[in-house]
Amino acid sequence: MYRFEKIDKKLLGEQIEDELMNFILQEPIEVGQRIPNEFELAERFGVGRSTVREAVKGLVSKGILEVRRGSGTYVIGTSSLDEDPLGLSKMKDKYQLALELFDVRLMLEPEIASQAAKYGTEEELQQLKQLCDETEQMYLSGRNHIPKDIAFHTCIARCSKNRVVETLIPLINTAVMTFANLTHRMLMEETIETHRAIVESILERDSVGAKCAMVMHLTYNRQALFRQWKEHHNQEEKEETQDIVQKMQEMQEKETQEQEISKDFEQTQEKQEKEQEE
């Protein structure tokens, strides 16, 4: 259970961001669950609501939280994108980032899987199989599978025995994490099936099969992400339209009220003038 001791001195937003992350991990608040509102968090941490808002914005930018209009703030991931040395987590449009990362992954990972089938040692291939099994078990049990999924793809990259590919591991990690934080557990069956296909081909030293299996894995994921992006985009457009309609209604109501006030004022003046004449 998370505990936080209030500190009298003023806390920076970055410090509260760290505390909020610790609170999410230690409670724990699972992916898909809502965090307490601003008032509760401000009281818990002994700071103002503006500081809490700053902390929430920081975790939103890192793919940890998502603010859902009219509903609250939800945990969408528990692995921070701070580990991304390329700074890709700073890109605001996470869907666009994820789609562009998939473009890069499709250029690289099928060939990496092919090379892994050729050059991975027996020890490495057994480790890969174990990671595949562990990822599957965590997925099926509802636990956070993202770290194991990242370790799985990292292992494939290392099996390729290409030193340049190893420098690209943080990029692959960021791509896996970004996708997982956006889609949650949408493609559990497809992920398990394609992970197995990749491992089986690599274990069989079937470089072409490994390449095809990785293409299939990435294609399933990209298609699902693209569908979700369209839904998200349509929802945003709908909300923008609703906002415009609401603002127009508010303007019309305000104009009507002003007209009524003006009319009442004129009538009062006319009445006073008549009384004075009498």
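Heads up: these notes are all about the structure in this document. Computed from a predicted model, the values in this text were never measured in an experiment.

1. Considering the overall build of the protein chain
Working step 1: When helices and strands are counted, the protein chain shows 10 helices and 2 strands.
Working step 2: Each helix (α) and strand (β) of the protein chain, taken in turn from the N terminus, gives the series α-α-α-β-β-α-α-α-α-α-α-α.
Working step 3: Its C-alpha atoms give the protein chain a radius of gyration of 27 Å, more than 25% over the compact-globule value 19 Å for 278 residues.
Working step 4: Its C-alpha atoms give the protein chain principal-axis dimensions of roughly 110 × 45 × 35 Å.
Working step 5: Within the protein chain, the fraction of its 278 residues that count as buried is 40%.
Working step 6: In the protein chain, of all internal contacts separated by at least 6 residues, the share reaching a separation of at least 24 is 72%.
Working step 7: Of the roughly 17,000 Å² that the protein chain leaves accessible, carbon and sulfur atoms contribute 49%.
Working step 8: The protein chain carries 36 positive and 53 negative side-chain charges, and their two centres are separated by 5 Å.

2. With respect to the nonpolar core
Working step 1: In terms of nonpolar packing, the biggest core is built from 37 residues, with Leu128, Phe152, Ile156, Ile198, Ile202 and Leu225 touching the most fellow members.
Working step 2: Of all the secondary-structure elements, those providing two or more residues to this core are helix H4 (94-119), helix H5 (122-140), helix H6 (146-159), helix H8 (169-183), helix H9 (188-203) and helix H10 (207-277).
Working step 3: Considering each element in turn, this core owes the most residues, 8 residues, to H4.
Working step 4: Residue contacts for Leu225: discarding those within four places in its chain leaves Tyr95, Ala98, Leu99, Phe102, Phe179, Leu182 and Thr183.

3. Section: the pattern of salt bridges
Pairing between side chains of opposite charge can happen when their charged atoms approach one another.
Working step 1: For the coordinates displayed, the defined rule picks out 11 salt bridges.
Working step 2: Here Lys161 and Glu124 are joined by a salt bridge, their closest N and O atoms 2.4 Å apart. Remark: Glu124 occurs in helix H5 and Lys161 occurs in the loop between H6 and helix H7 (163-167); sequence separation between them is 37 residues.
Working step 3: A salt bridge links Lys148 to Glu134; its shortest N-O distance comes to 2.8 Å. Of the two residues, Lys148 sits in helix H6 while Glu134 sits in helix H5, which places them 14 residues apart along the sequence.
Working step 4: Where salt bridges share partners, they join Glu38, Arg49 and Arg53 into one cluster.

4. Looking at the packing of aromatic side chains
Working step 1: Tallying each qualifying case throughout the model produces 3 aromatic pairs.
Working step 2: Residues Phe102 and Phe179 carry aromatic rings whose centres are separated by 5.4 Å and whose planes lie at 90 degrees to one another, so their mutual orientation is edge-to-face. Separated by 77 residues along the polypeptide, Phe102 in helix H4 and Phe179 in helix H8 bring together distant segments of the chain.
Working step 3: For the pair Phe226 and Trp229, a centre-to-centre distance of 5.5 Å together with 35 degrees between the ring planes defines the contact as tilted.

5. What about the packing of H6 against H9?
Working step 1: The interhelical angle for the contact between H6 and H9, taken along N-to-C directions, is 25 degrees, at an axis separation of 12 Å. Between H6 and H9, the crossing angle belongs to the class labelled roughly parallel. For the element pair H6 and H9, the recorded crossing hand is left-handed. On the side of H6, the interface is formed by Asp149, Phe152, His153 and Ile156, while H9 contributes His195, Ile198, Val199 and Ile202.
Working step 2: Residues belonging to the contact of H6 with H9 are distributed by class as follows: 5 nonpolar, 2 polar and 1 charged.

Each value, and the rule that gives it
Residues numbered from 1 in each chain as written. Predicted model: local features only at pLDDT ≥ 70, side-chain atom pairs only at ≥ 80, totals over all residues. Heavy atoms only, no water. Helix = DSSP H or I, 4+ residues; strand = E, 2+ residues; numbered from the N terminus. Rg over C-alpha atoms; globule rule 2.2 N^0.38 Å. Buried < 20%, exposed > 50% of the residue type's maximum accessible area, 1.4 Å probe, protein only. Contact = heavy atoms within 4.5 Å. Areas by Shrake-Rupley, 256 points an atom, 1.4 Å probe, with all protein chains shown as cover. Lys, Arg positive; Asp, Glu negative; His and termini not counted. Charge placed at Lys NZ, Arg CZ, Asp CG, Glu CD. Core = buried A, V, L, I, M, F, W, Y, C linked by side-chain atoms within 4.5 Å. Salt bridge = Lys/Arg side-chain N within 4 Å of Asp/Glu carboxyl O. Phe/Tyr/Trp six-rings, centres within 6.5 Å; stacked < 30°, edge-to-face > 60°. Axes fitted to C-alpha atoms, helices over the stretch in contact; angles between N-to-C directions. Parallel < 35°, antiparallel > 145°, perpendicular 65-115°, else oblique. Left-handed = near helix turned anticlockwise from the far one by under 90°. Nonpolar A, V, L, I, M, F, W, Y, C, P; charged D, E, K, R; others polar.

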